[in-house]
Amino acid sequence: MTRFKAVAKVKRFSCEDLAELTPLYLDDALDTPAREGFDHHLAECLTCAGHVTGLRVTVDTLGDLPAGPAETLSERTRGRLLSAFRASRHP
Ligand SMILES: [Zn+2]
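Residues numbered from 1 in each chain as written. Predicted model: local features only at pLDDT ≥ 70, side-chain atom pairs only at ≥ 80, totals over all residues.

To continue, consider the overall build of the chain. Counting its secondary structure elements, the chain contains four helices and zero strands. What you see in the chain, going N to C, is helices and strands ordered as α-α-α-α. Taken over 91 residues, the chain has a buried fraction of 16%. (Helix = DSSP H or I, 4+ residues; strand = E, 2+ residues; numbered from the N terminus. Buried ≥ 20, exposed ≤ 12 C-beta atoms within 10 Å, placed from the backbone.)

Now the structure itself:
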């Protein structure tokens with residue numbers, strides 16, 4: 001994750017970057033330029049905004065979810081995240 005630490009100005013993240021950084025964002029572990037870039041992307045990208053909102057709700061619900069990369073999540077946890085994600089996007 002250190003490659004995101006040396007950014008001097010607001011960075012434009014791709015959707016893949018957002019997915020990678022979401023656990024850090026939810027854990028309030030991003031530095032300011034990364035966080036601003038993250039927020040900027042969320043303002044422009046409804047897909048990622050919905051994704052992050054869904055994950056935030058899920059993290060709040062689960063409480064004990066480890067703040068690690070998505071790859072470390074068990075299949076069961078991933079399924080619960082996906083369910084919450086879909087529910088959060090339902091009108
Ligand atoms: Zn996006």
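Another aspect to go through is unusual backbone geometry. A positive phi angle is found at Asp28, which is not glycine, with a value near 55°. Among the structural elements, Asp28 can be located in the loop between α1 (15-26) and α2 (32-44). Among the residues examined, Asp28 registers 8 C-beta atoms within 10 Å and is labelled exposed.

Once that is clear, we can look at α1. Taking 1.5 Å as the rise per residue, α1 with twelve residues should run 16 Å; its terminal C-alpha atoms sit 16 Å apart, in good agreement. The secondary structure elements touched by the buried residues of α1 are α2 and α3 (46-62). Positive phi appears at Asp28, one or two residues downstream of α1, with a value of about 55°. (Expected span 1.5 Å × (residues − 1). Contact = placed C-beta atoms within 7 Å.)

Right, let's get into the packing of α1 against α3. For any two helices packed against each other, one specifies the inter-axial angle together with the distance between the axes. Taken N-terminus to C-terminus, the directions of α1 and α3 make an angle of 25°; their axes are 11 Å apart at the nearest point. Taken together, α1 and α3 sit at an angle that is classed as roughly parallel. For the pair α1 and α3, the sense of crossing is right-handed. Every residue of α3 that contacts α1 at Cys15, Leu18, Thr22, Tyr25 and Leu26 is listed here: Thr47, Cys48, Val52, Leu55, Arg56 and Val59. Of the residues belonging to the contact of α1 with α3, the class tally is eight nonpolar, two polar and one charged. (Axes fitted to C-alpha atoms, helices over the stretch in contact; angles between N-to-C directions. Parallel < 35°, antiparallel > 145°, perpendicular 65-115°, else oblique. Left-handed = near helix turned anticlockwise from the far one by under 90°. Nonpolar A, V, L, I, M, F, W, Y, C, P; charged D, E, K, R; others polar.)

Quick look at the UniProt feature "domain: Putative zinc-finger" (unreviewed entry) in the chain now. UniProt marks residues 15-49 with the feature "domain: Putative zinc-finger" (unreviewed entry), using the numbering shown here. From the first C-alpha to the last, residues 15-49 spans 10 Å; its make-up is 83% helix and 0% strand. (UniProt positions renumbered as here; feature names shortened; annotations may be inferred.)

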